[in-house]
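A look at the structure
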Number of protein chains: 2
Amino acid sequence: MEEQRRFMKEAIDLARDNVHGKNGGPFGAVVVKDGQIIGRGINQVTTNNDPTAHAEIVAIREACRALNTYSLEGCEIFSSCEPCPMCLGSIYWAGIEKLYYAATKDDAAKADFRDSHIYEEFALPKDKRRIPTIQLMHKEAVKVFDDWSSSDHKIPY
Amino acid sequence: MEEQRRFMKEAIDLARDNVHGKNGGPFGAVVVKDGQIIGRGINQVTTNNDPTAHAEIVAIREACRALNTYSLEGCEIFSSCEPCPMCLGSIYWAGIEKLYYAATKDDAAKADFRDSHIYEEFALPKDKRRIPTIQLMHKEAVKVFDDWSSSDHKIPY
């Protein structure tokens, strides 16, 4: 676990530097492939005006740029805190194969970062969620999937 | 619903253009505030080598740039397809107040875009998930939250 602790220390150092540098929330993450860090991320929500700029997403985007691919197969991610639902989703879409985390979502909640309500919302039927969710124009949208399925040029991902 | 149908048509047109322009997956989204489209998104996963570049995330980031803020309070999102867990998470973090969708995740699955396994993983305890998930260095990471909580410069989000 010595190597893993080194990568996690880097993620935690990024989180700490982000607080002391007044750049954003207390979160850091690194993506590792073959024993090398290929992407680093800090939380940049408030500095970049981007609610999706959580540490994990920033690290994943940087790692993909480094490898010139949209797939992080064979990679691991080290996050200073258990990922929120958005970031956990991004980890699955990226194809990352192992997740290391340090603080828990309960620790984050104590610092006023609460994502448990988002996890709870996911488990509810759409008509019970806090954000009203309305379906429109189903038939027109399905037609686009038909176009995709019959296209010769599609790149599956 | 006439105005809402107009915005959804725009989202579906973006999705269709994305297929025919060979840019990426068959998904489009628009963010609307006060009756105006302030962000447009198409799926750019394969063209931009970015697994997080789903239509909703691209539209949210564009809307935030347009408003120069990380909060989309007072905004609605129109997505050509029911959002995946990553995108649904981003909609909550952005503070979007209403979600309109057209195709369902079952329609998406028929076109080989499957996110139901991600929703299922979320409901599992961490040690039962497909991606091995390991905790390390808890104490060191909690200390960063203490630094955040005692900082005079933090911007809550």
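Description of the structure in this document. All figures in this text were calculated on a predicted structure; none of them were measured in a lab. (Residues numbered from 1 in each chain as written. Chains lettered and ligands numbered in written order. Predicted model: local features only at pLDDT ≥ 70, side-chain atom pairs only at ≥ 80, totals over all residues. Heavy atoms only, no water.)

1. Examining the packing of helix α1 (residues 2–20) of chain A against helix α7 (residues 138–149) of chain B
- Two numbers describe how α1 of chain A lies on α7 of chain B: the axes approach to 9 Å, and their chain directions differ by 5 degrees. It follows that α1 of chain A is roughly parallel to α7 of chain B by the angle criterion. When α1 of chain A is examined against α7 of chain B, the residues Arg5, Ile12, Ala15, Arg16, Val19 and His20 of chain A are found in contact with a partner set consisting of Glu140, Ala141, Val144, Asp147 and Trp148 of chain B.
- Of the residues assigned to the contact of α1 of chain A with α7 of chain B, the class counts are 6 nonpolar, 1 polar and 4 charged. (Axes fitted to C-alpha atoms, helices over the stretch in contact; angles between N-to-C directions. Helix = DSSP H or I, 4+ residues; strand = E, 2+ residues; numbered from the N terminus. Parallel < 35°, antiparallel > 145°, perpendicular 65-115°, else oblique. Contact = heavy atoms within 4.5 Å. Nonpolar A, V, L, I, M, F, W, Y, C, P; charged D, E, K, R; others polar.)

2. What about the relation of the copies chain A and chain B?
- Under the fitted operation, chain A is carried onto chain B by 0.0 Å of movement along the axis and a turn of 180 degrees, and the coordinates agree to an RMSD of 0.0 Å. Within this description, the copies of the chain are treated as partners about a two-fold rotation axis. Judged by C-alpha distance, Met86 of chain A is the residue of chain A that lies nearest the rotation axis, at 2.0 Å.
- An overlap of 100% is found between the interface residues of chain A and their copies at the interface of chain B, pointing to a shared contact surface. (Least-squares fit on C-alpha atoms with pLDDT ≥ 70 in both.)

3. Some details on the sheet that holds strand β2 (residues 36–42) of chain A
- Strands sit in the order β2(A)-β1(A)-β3(A)-β4(A)-β5(B) across an open sheet of 5 strands; the sheet is mixed. Each edge of the sheet is formed by a strand with only one pairing partner; in this case those strands are β2 of chain A together with β5 (133–135) of chain B. On average, each strand axis in the sheet is tilted by 20 degrees relative to the strand beside it, whichever way the strands run.
- Here 6 bridges tie strand β1 (residues 28–33) of chain A to β2 of chain A, and the two strands are oriented antiparallel to one another. Across the sheet, Val31 of chain A pairs through a bridge with Gly39 of chain A, a residue of β2 of chain A.
- Relative to the sheet, helix α3 (residues 55–67) of chain A contacts β1, β2 and β3 (75–81) of chain A, its axis offset from that of β2 of chain A by approximately 140 degrees. (Pairing = 2+ DSSP bridges.)

4. Some remarks on the pairing of strand β1 (residues 28–33) of chain B
Residues and elements named next belong to chain B.
- A large share of β1 lies buried, amounting to 5 of its 6 residues.
- A loop of 2 residues connects β1 with strand β2 (residues 36–42), the two strands running antiparallel in sequence, and Asp34 in this loop sits at a positive phi of about 50 degrees.
- Relative to strand β3 (residues 75–81), β1 runs antiparallel, the two sharing 5 bridges. Residue pairing across strands places Val30 opposite Phe78, the latter belonging to β3. (Buried < 20%, exposed > 50% of the residue type's maximum accessible area, 1.4 Å probe, protein only.)

In short, geometric facts, not functional conclusions.
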